[in-house]
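# Working through the structure, step by step
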Amino acid sequence: MAVAFGSGHIGGGAGVAQITVANVAGGADMAYVLACDVRANTDTITAVSGGGLTWTEDLTQCAGRGNHRVHLYRAAGTPSSDPFTVTIDLSDATGTRTAAISRYTGADVAGTPFAGAAGKNSNGDGGACTGGTDSDTPTLDLTSRIDGSILVGAVGPRGFAVSVADADYTQRALASAGAGGEQLDLYLYDRLLAVAGADSLNPTLVGVSDWATAGLVVQPAPAAPAGAGGRRTLLL
């Protein structure tokens, strides 16, 4: 069994302490990945809610020069409504923020639907927020350990668009907000790996930027045992 993409959704704003992602599709036993890019270094996410689900933050990855941060959240289960709205509360109304959500079916919702969260900036894996060097080649390394998993990666290139996409990945969402030096673009990509292994997301930007990336692996539900649900014959 393999995980499959269901739908993508976006939201964002500038100068507000709350943003929403509306009309997020529901359904039974879904897995959701939420990425949120926040421009102001002093601004933090205080709460994420929606669909009656528990939204858990896996990591926060700052850019190499500290200009913005990509937050990565996840949730799994059956939402209380279809569609529903995800609300993201922030500590203040300073700066620009964007959000993108992707929804997946076939995940191991009853077990371990997510694994392998990772972040990167120009300083390297889990890089520090100072001392980085702008570049036009953001990257993210992810590893799946189960066949049929999907690698999900968020790319925050600040205000610089992706000019050349990684051919192995599919763009599922693009959220944009702000203008000029305050603009934030947030891309959400994924790739199905039929055979478990490591892979890198490597797009190219139109110019050099203080970028940040974050992502995780959505793992498939285990296959039913052979013969499960069939009739059994007892031999005496």
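Scroll up to find the structure.
Residues numbered from 1 in each chain as written. Predicted model: local features only at pLDDT ≥ 70, side-chain atom pairs only at ≥ 80, totals over all residues. Heavy atoms only, no water.

Moving on, we get to the overall build of the protein. Each helix and strand counted, the protein has zero helices and 18 strands in total. Relative to a compact globule of 236 residues, whose C-alpha radius of gyration would be 18 Å, the protein shows 19 Å and is just as compact. Across its three principal directions, the C-alpha atoms of the protein cover 80 × 35 × 25 Å. Buried residues in the protein amount to 51% of all 236 residues. Sequence separation of 24 or more characterises 83% of the internal contacts of the protein that already satisfy a separation of 6 or more. Accessible surface, the protein: about 9900 Å² in total, of which carbon and sulfur atoms supply 50%. Taken as two groups, the 13 positive and 21 negative side-chain charges of the protein have centres that lie 5 Å from each other. (Helix = DSSP H or I, 4+ residues; strand = E, 2+ residues; numbered from the N terminus. Rg over C-alpha atoms; globule rule 2.2 N^0.38 Å. Buried < 20%, exposed > 50% of the residue type's maximum accessible area, 1.4 Å probe, protein only. Contact = heavy atoms within 4.5 Å. Areas by Shrake-Rupley, 256 points an atom, 1.4 Å probe, with all protein chains shown as cover. Lys, Arg positive; Asp, Glu negative; His and termini not counted. Charge placed at Lys NZ, Arg CZ, Asp CG, Glu CD.)

In this section: the pattern of salt bridges. Scanning all chains against the criterion turns up nine salt bridges. Notably, a salt bridge pairs Arg74 with Asp58, separated by 2.9 Å at the nearest N-O pair. Of this pair, Arg74 sits in strand β6 (residues 69–77) while Asp58 sits in strand β5 (residues 56–62), placing them 16 residues apart in sequence. Owing to a relative accessible area of 28%, Asp58 belongs among the partly exposed residues under this scheme. Where salt bridges share partners, they join Lys120, Asp125 and Asp141 into one cluster. (Salt bridge = Lys/Arg side-chain N within 4 Å of Asp/Glu carboxyl O.)

Turning to the state of the cysteines, a few remarks are in order. All chains considered together, the criterion is met by one disulfide. Between Cys36, a cysteine without a disulfide, and Cys62, which holds the nearest cysteine sulfur, the sulfur-to-sulfur distance is 15 Å. Taking the relative accessible area as the measure of exposure, Cys36 reaches 1% and is therefore buried. (Disulfide = S-S within 2.5 Å.)

Once that is clear, we can look at the environment of Ala128. Residue position: Ala128 is located in the loop between β10 (124–125) and β11 (140–143). Sequence spacing of Ala128 and Val152 is 24 residues, and the spatial spacing of their C-alpha atoms is 22 Å. With near-sequence residues (within four places) excluded, Ala128 lies in contact with Cys62, Ala63, Gly64, Asn121 and Asn123.

What follows is about the nonpolar core. Within the largest apolar cluster, 22 residues are counted, with the highest numbers of intra-cluster contacts made by Val33, Leu72, Tyr104, Val152, Leu188, Leu216 and Val218. The set of elements that each furnish at least two residues to this core consists of β3 (30–38), β6, β8 (96–105), β12 (149–156), β15 (184–193) and β18 (212–218). Those residues in contact with Val218 that sit more than four places away from it in its chain are Val3, Ala31, Val33, Tyr104, Ala107, Pro113, Phe114, Ser149, Ile150 and Val152. (Core = buried A, V, L, I, M, F, W, Y, C linked by side-chain atoms within 4.5 Å.)

Either a parallel or an antiparallel arrangement is found when strands of a sheet pair, and the pairing is made through backbone hydrogen bonds. With antiparallel pairing, three strands are arranged side by side in an open sheet as β2-β7-β4. Edge strands, defined here as strands with exactly one partner in the open sheet, are β2 (18–24) and β4 (45–49). On average, each strand axis in the sheet is tilted by 10° relative to the strand beside it, whichever way the strands run. Two elements, β2 and strand β7 (residues 84–90), share five bridges in a ladder whose sense is antiparallel. Bridging from a neighbouring strand, Val24 pairs with Phe84 of β7. (Pairing = 2+ DSSP bridges. Axes fitted to C-alpha atoms, helices over the stretch in contact; angles between N-to-C directions.)

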